[in-house]
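An overview of the molecular structure
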Amino acid sequence: MARKARAPAESASDARTSHSADGWLVDGFAVGDFFFASPTLQQRGWRAPDMVSAYQPADRDVVASLFARAREHGIGDPVMFGLIPFDAAQAASLAIPSRYACAGIPDYSKPGAAETRGAGRPGILSREPVPAPEAYGDMVRKALVLFDRGEVKKIVLSRAMDVVLDRLLDYARLLPDLLARNAHGYTFAIPVWGQGGDAAPTGVMVGASPELLVRREGDRIHVNPLAGSIGRHADPDTDRVRREGLARSEKDLREHGYVVSDIVRILRANCDELDVPDGPSVIGTDTLWHLSTYITGRLRDPSMTALDLSRALHPTPAICGHPTQLAFGHIKDLEPFERGYFAGLVGWQRADGDGEWALALRCALHDGDRALRLYAGAGTVAGSDPDSEIKETATKMETFMRAIS
Ligand SMILES: C=C(O[C@@H]1C=C(C(=O)O)C=C[C@H]1O)C(=O)O
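Residues numbered from 1 in each chain as written. Predicted model: local features only at pLDDT ≥ 70, side-chain atom pairs only at ≥ 80, totals over all residues.

**Observations regarding helix α1 (residues 60-72)**
Put simply, the rule is: Only DSSP runs of H or I covering at least 4 residues are called helices, and only runs of E covering at least 2 are called strands; the numbering of each starts at the N terminus. By definition here, a helix of n residues has an expected span of 1.5 Å times n minus one. Buried means a residue has 20 or more other C-beta atoms within 10 Å of its own C-beta, exposed means 12 or fewer, and partly exposed covers the counts in between; C-beta atoms are placed from the backbone. Our arc is simply the arc of the directions from the helix axis toward the C-beta atoms. Contacts are defined on C-beta atoms placed from the backbone: any two residues whose C-beta positions lie within 7 Å are in contact.
End to end, α1 covers 19 Å across 13 residues, agreeing with the expected 18 Å (1.5 Å per residue, within 8%). Of all the positions in α1, only Val63, Leu66 and Ala70 are classed as buried. One face of α1 carries all of its buried residues, which in axial projection span an arc of 55°. Exposed and facing more than 90 degrees away from the buried side of α1 are Arg60, Asp61, Ala64 and Glu72. Tucked into the core, α1 has its buried residues touching β4 (52-56), β5 (79-84), β6 (92-96) and α6 (306-313). Directly after α1, the chain includes glycine 74, whose backbone phi takes a positive value near 75°.

**Here we look at the environment of proline 315**
Of note, proline 315 is situated in the loop between α6 and β19 (321-322). Judged by the 24 C-beta atoms lying within 10 Å of it, proline 315 is buried.

**Description of the sheet that holds strand β21 (residues 355-359)**
Convention followed: Whether two strands pair comes down to DSSP finding at least two bridges between them. For every element, the axis is a line fit to its C-alpha atoms; helices are fit only across the contacting stretch, and the angle between N-to-C directions ranges from 0 to 180 degrees.
Strand order in the open sheet made by the 9 strands is β4-β6-β5-β20-β21-β12-β13-β18-β15, with antiparallel pairing throughout. Edge strands, defined here as strands with exactly one partner in the open sheet, are β4 and β15 (271-275). Taken pair by pair, the neighbouring strands of this sheet meet at an average axis angle of 15°, ignoring direction. For strand β12 (residues 212-217) and strand β13 (residues 220-223), the ladder comprises 3 bridges, and the chain directions are antiparallel. Across the sheet, glutamate 217 pairs through a bridge with arginine 220, a residue of β13. Here α1 sits on the sheet in contact with β4, β5 and β6, set at roughly 160° to β4. Against the sheet, helix α5 (residues 250-270) engages β13, β15 and β18 (295-299), with an angle of about 140° to β15.

**Let's talk about the environment of cysteine 102**
Inspection of the secondary structure assignment puts cysteine 102 in strand β7 (residues 99-104). A C-alpha to C-alpha distance of 6.2 Å links cysteine 102 and arginine 44, two positions 58 residues apart in sequence.

**Considerations on the pairing of strand β9 (residues 154-165)**
Summarising the sheet, strand β8 (residues 124-130) and β9 pair through 6 bridges and their orientation is antiparallel. Note that in β9 the partner of glutamate 128 across the bridge is aspartate 162. One ladder, built from 2 bridges, connects β9 with β19; its direction is antiparallel. When the sheet's bridge partners are listed, isoleucine 155 is paired in β19 with glycine 321. Here β9 runs beside strand β23 (residues 371-381); their pairing, made up of 11 bridges, is antiparallel.

**What to know about the site of the ligand**
Using the following cut-off: Proximity of a residue to a molecule or strand is defined by its backbone-placed C-beta atom lying within 6 Å of that partner. Ten residues, namely Ala, Val, Leu, Ile, Met, Phe, Trp, Tyr, Cys and Pro, are considered nonpolar, four, namely Asp, Glu, Lys and Arg, are considered charged, and the remaining ones, Gly among them, are considered polar.
Taken together, the neighbourhood of the ligand is formed by 18 residues, with Ser229, Ala318, Leu361, Gly377 and Gly379 sitting nearest. When grouped by side-chain class, the residues that make up the shell around the ligand number 9 nonpolar, 6 polar and 3 charged.

**Quick look at helix α2 (residues 133-149)**
Taking 1.5 Å as the rise per residue, α2 with 17 residues should run 24 Å; its terminal C-alpha atoms sit 25 Å apart, in good agreement. Those residues of α2 not exposed but buried are Tyr136, Met139, Val140, Ala143 and Leu146. Along the axis of α2, the buried residues cluster in a sector spanning 110°; they form a single face. Along α2, the residues that are exposed and aim more than 90 degrees away from the buried face are Glu134, Arg141, Val145, Asp148 and Arg149. Elements in contact with the buried residues of α2: β9, α7 (324-334), β23 and α8 (386-404).

**A few points about the packing of helix α3 (residues 171-181) against α8**
Formally: Each angle gets one of four labels, with under 35 degrees taken as roughly parallel, over 145 as roughly antiparallel, 65 to 115 as roughly perpendicular, and the rest as oblique. In this scheme the crossing of two helices becomes right-handed for a clockwise turn of the near helix relative to the far one and left-handed for an anticlockwise turn of less than a right angle.
At a closest axis distance of 9 Å, the pairing of α3 and α8 adopts a crossing angle of 135°. Comparing the axis directions of α3 and α8 gives the class oblique. Crossing of α3 against α8: the hand is right-handed. Here Leu174, Asp177, Leu178 and Arg181 of α3 lie close against α8, whose contacting residues are Thr399, Arg402, Ala403 and Ile404. The residue inventory of the contact of α3 with α8, partitioned by class, reads 4 nonpolar, 1 polar and 3 charged.

**Examining the sheet that holds strand β17 (residues 288-292)**
Taking strand neighbours across the sheet as the criterion, the 3 strands line up as β14-β17-β16 in an open arrangement whose pairing is antiparallel. Whereas interior strands pair on both sides, the edge strands pair on one side only; in this sheet they are β14 (226-231) and β16 (281-284). Going across the sheet, the axis of each strand differs from the next one's by a mean of 30°, ignoring polarity. By the bridge criterion, 4 bridges tie β16 to β17 in an arrangement that is antiparallel. Each bridged residue has a counterpart across the sheet, and for glycine 284 the counterpart in β17 is tryptophan 289. Contacts from α5 reach β14 and β17, with the element oriented near 155° to β14. Sheet strands in contact with α8 are β14 and β17, and its direction is about 95° off that of β14.

Written as structure tokens, this is what we have:
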């Protein structure tokens with residue numbers, strides 16, 4: 001759907017350099033800058049010496065002290081951008097940039113408009129799956145044995161792909177491209193900090209997630225879990241058959257049900273006026289169909305921020321499993337790498353607690369140079385087929401793969 005850009009608003013004086021002629025807030029985007037776009041709003045922050053950042057678990061007092069430091073630095077109307085790891089006990093990467101701009105989403109309805117921005121696409125020098133697809137299939141088989149024992153019902157298992165490019169990533173081209181492919185999603189590039197707080201970033205989490213964990217607007221909240229997926233097909237008839245098959249699939253509806261019932265249980269403890277649809281609908285990304293449930297409600301405690309509620313929900317069975325703690329332990333045992341910020345939270349928040357936190361999916365960790373680690377996971381339950389899960393995770397990496405090369 002075509003959208004018209006609103007006039008960009010900026011909190012620092014030099015508005016001329018903030019957006020390009022075609023309305024994207026990405027010109028000159030460098031490693032350490034911030035970008036987050038939802039379906040209607042793009043936001044950009046610039047790395048500058050007077051920004052404030054934190055590399056700690058994202059507890060309430062850490063967030064409060066970050067906003068306090070932003071005020072001391074004279075940052076007006078501060079907006080915090082951040083990454084919360086899959087394992088929320090590990091350090092989050094949080095920052096409030098001193099220079100910030102936001103604008104509507106430019107009109108990218110012309111076919112290929114976003115793809116033609118900037119210089120040529122990088123070539124891929126090497127790609128190395130971690131682990132090999134057959135080993136990932138073995139992980140799924142081990143999960144199936146656990147389901148047979150009956151203690152755990154769902155485990156989300158992921159794999160990675162290490163990619164080396166022949167040139168630097170051009171974010172000014174990549175970000176509009178990712179967004180054009182995922183117009184209903186959340187496109188992001190957020191720096192990863194390391195020990196030492198305000199030091200240089202050690203990398204960037206970049207991607208286009210389809211999944212909103214929490215949006216807070218005053219006391220209204222929106223939560224949109226996805227679970228249960230099938231790859232799309234170029235032939236419209238086959239594509240429709242796949243979509244209809246997903247909507248009826250007992251395995252996928254069961255997989256989705258674990259997610260919604262867990263989320264609703266936690267939302268009931270925190271919200272009134274919950275509106276939960278009777279059953280899931282199907283939404284499409286550029287590469288997949290997903291079962292989706294769009295939930296709204298009203299916060300009982302209006303001082304609960306978007307991140308507070310997100311942290312109460314995280315990790316949902318969409319990216320962990322059911323029951324949560326058992327699945328979490330099995331993921332640590334079965335996956336041969338640390339997820340880090342993959343399948344964690346990515347988003348932004350204002351001092352009043354309004355904000356959006358999406359799940360960090362369909363994304364990569366960029367080392368700031370030519371190396372990327374792409375990630376993808378899939379929910380496994382009794383009845384899952386290892387080969388289908390290998391295919392599903394490969395398809396999930398396609399969103400990012402298509403945008404880089
Ligand atoms: C784990 C991922 O996606 C999650 C798993 C899904 C599934 O198993 O069907 C669907 C959407 C996401 O909640 C991913 O994209 O890597």
